[in-house]
Amino acid sequence: AGHLHRRVPVERTQQALPPAEADVDGADGGSALRALLDGEAPVPQLAGILRGTGLPAPLRRVVAAGMDRGGRGDVARTIRFLAPRDAERYQQLTADRSAYRAEFEQRLRQAGVSALICPPAAVPAPPHDTTGDMVDAFTYSTAFNVLGAPAGVVPVTRVRDSETSRPPGTSPRDRALAMADRGSAGLPVGVQVAGPSWSDEVVLAVMAAIQAGALPV
């Protein structure tokens, strides 16, 4: 069977999805995350999420404002939304997420798209414990986590020597992204394949086709 390539614009993704994920993850005060850890020490990023769920509202506003002033606006947005919610608010959150999923899948149907191909992240695999300042770099994978959509990543090439630096920046995010680029030559670079709910077989078939046509990685 043949295929067609089409661009599918998805509005609101960067602004809506990271806060939505934080809002849902923090709605129970971190209880589910702590249960999954079962006493195991969390990695720094997860430890930060758990601390964020326990911040009193006034302190949460102060911490978020400090993050904004320090050039960490993406982290500040997450902190503002990372808070325990009552049952009514949690029900509203799940309803909002369902509505966003319906809107997203309607756009795919209107465009005649069976699967999406996009980056999994804006950087190659970053060093451990350095992703806290590059939340927005993972918007693509965050989107499908929130939507509950089937998705997978398949390697297609590797980072070239000429791709290990970017224009300098001054914000913590810029510095973290530059750190991820430095020394990344030779790391695998993949593409992410995703689709609407219950289209797992389509996503797997597209991944297999991409992998079959890609150079050995």
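Refer to the preceding data block for the structure.
Residues numbered from 1 in each chain as written. Predicted model: local features only at pLDDT ≥ 70, side-chain atom pairs only at ≥ 80, totals over all residues. Heavy atoms only, no water.

### Some points on the packing of aromatic side chains
The description of an aromatic ring pair uses the distance of the two centres, along with the angle that the planes make with each other. Applying the stated criterion to the full structure yields one aromatic pair. Seen from their ring centres, phenylalanine 104 and phenylalanine 144 are 6.2 Å apart, and the 70° between their planes marks the pair as edge-to-face. Taken as a pair, phenylalanine 104 in helix 6 (residues 87-111) and phenylalanine 144 in helix 7 (residues 139-147) lie far apart in primary sequence, 40 residues in all. Under the relative-accessibility criterion, phenylalanine 144 is labelled buried at 8%. (Phe/Tyr/Trp six-rings, centres within 6.5 Å; stacked < 30°, edge-to-face > 60°. Helix = DSSP H or I, 4+ residues; strand = E, 2+ residues; numbered from the N terminus. Buried < 20%, exposed > 50% of the residue type's maximum accessible area, 1.4 Å probe, protein only.)

### Quick notes on the sheet that holds strand 1 (residues 116-118)
Pairing within the open sheet is antiparallel, and its three strands lie in the order 1-3-2. Each having just a single partner strand, strand 1 and strand 2 (151-158) make up the two edges of the open sheet. Across the sheet, the mean angle from the axis of one strand to that of its neighbour is 30°, orientation sign disregarded. With seven bridges connecting them, strand 2 and strand 3 (residues 188-194) associate as antiparallel partners. In the strand pairing of strand 3, arginine 158 is matched with proline 188. Along the sheet, helix 9 (residues 200-213) contacts strand 1, strand 2 and strand 3; its crossing angle with strand 2, the most-contacted strand, is approximately 5°. (Pairing = 2+ DSSP bridges. Axes fitted to C-alpha atoms, helices over the stretch in contact; angles between N-to-C directions. Contact = heavy atoms within 4.5 Å.)

### Some details on the nonpolar core
Ranked by size, the top nonpolar core spans 10 residues in total: Tyr100, Phe104, Leu108, Val113, Leu116, Cys118, Phe144, Leu147, Ala149 and Ala194. Mapped by element, the contributors of at least two residues to this core are helix 6, strand 1 and helix 7. Among the elements that take part in this core, helix 6 stands out by supplying three residues, more than any other. What leucine 147 contacts, discounting residues up to four positions off in sequence, is Tyr100, Arg101 and Phe104. (Core = buried A, V, L, I, M, F, W, Y, C linked by side-chain atoms within 4.5 Å.)

### Here we look at the packing of helix 6 against helix 7
Where helix 6 contacts helix 7, the axes come no closer than 9 Å and their chain directions differ by 115°. For the element pair helix 6 / helix 7, the angle class is roughly perpendicular. Along the contact surface, helix 6 presents Arg97, Tyr100, Arg101 and Phe104, while helix 7 presents Phe144, Val146 and Leu147. The class makeup of the residues in the contact of helix 6 with helix 7 is five nonpolar, no polar and two charged. (Parallel < 35°, antiparallel > 145°, perpendicular 65-115°, else oblique. Nonpolar A, V, L, I, M, F, W, Y, C, P; charged D, E, K, R; others polar.)

### Quick notes on the side chain of threonine 53
When you line up the elements, threonine 53 lands in helix 3 (residues 44-53). Classification of threonine 53 by relative accessible area gives buried; the value is 3%. A distance of 2.7 Å separates the side chain of threonine 53 from the backbone oxygen of leucine 50, its partner in a polar contact. (Polar contact = N/O pair within 3.5 Å; in protein donor to acceptor, adjacent residues only side chain to side chain.)

### As for the pairing of strand 3
Here strand 3 lies mainly inside the structure; five of its seven residues are buried. Where strand 1 lies against strand 3, three bridges are found, and the strand directions are antiparallel. Looking at the pairing, isoleucine 117 lines up with valine 193 of strand 3.

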